Amino acid sequence: MPRRPLGQLEAEVLAALAAADAPLSAGDLRGRLADDPAHTTVNTILSRLHAKGMVTRDRSGRQFVYRLTVDESRLVAHRMHRHLRHASDPHGVLGQFLQELSPDQEQVLRDLLNEQ
């Protein structure tokens, strides 16, 4: 059975775990997510991410704490590439993307392209 693409809440959970200095519990994560999702919703997302191999979990007392097991930059780049691949106008998408970059982000992109 194929896996569904990551949803918005899954992406937010992954980003919160990537930004964390230590493993987080569902309760810790809930406080870092927009729109205050229900505790059960966060647990469901974490269980799905664990089943997909994207997070590990360790018992800490009566709860689990979670840690990211995938490289966030690779994950985000894969999502960007997937969206670009399905765009009817990839040239326009890339142009819009460039227009929305900050000057610092634009310079990083230019430096990366020059390294290639």
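Since this is a predicted model, take the numbers as computed values, not measurements.

(A) Region of interest: helix α3 (residues 39–51). When the terminal C-alpha atoms of α3 are compared, their 18 Å separation across 13 residues agrees well with the 18 Å that a helix rising 1.5 Å per residue should span. All buried positions along α3 are accounted for by Val42, Ile45, Leu46 and Leu49. Projected onto a plane normal to the axis of α3, the buried residues spread over an arc of 100° and lie on a single side. Of the surrounding secondary structure, the elements contacted by the buried residues of α3 are α1 (8–19), α2 (26–30), β2 (55–60) and β3 (63–68). In the stretch just after α3, glycine 53 is the one whose phi turns positive, near 80°.

(B) Molecular detail of the side chain of serine 25. Assignment of secondary structure puts serine 25 in strand β1 (residues 24–25). Its relative accessible area of 4% is what places serine 25 among the buried residues. Separated by 3.1 Å, the side chain of serine 25 and the backbone nitrogen of aspartate 28 make a polar contact.

(C) Structural detail: the domain arrangement of the protein. We note that the domain assignment places domain 1 (8–68) and domain 2 (72–115) within the protein. With centres defined by C-alpha atoms, the gap from domain 1 to domain 2 works out at 27 Å.

About the criteria used
Residues numbered from 1 in each chain as written. Predicted model: local features only at pLDDT ≥ 70, side-chain atom pairs only at ≥ 80, totals over all residues. Heavy atoms only, no water. Helix = DSSP H or I, 4+ residues; strand = E, 2+ residues; numbered from the N terminus. Expected span 1.5 Å × (residues − 1). Buried < 20%, exposed > 50% of the residue type's maximum accessible area, 1.4 Å probe, protein only. Arc of directions from axis to C-beta. Contact = heavy atoms within 4.5 Å. Polar contact = N/O pair within 3.5 Å; in protein donor to acceptor, adjacent residues only side chain to side chain. Domains from an automatic or database assignment.

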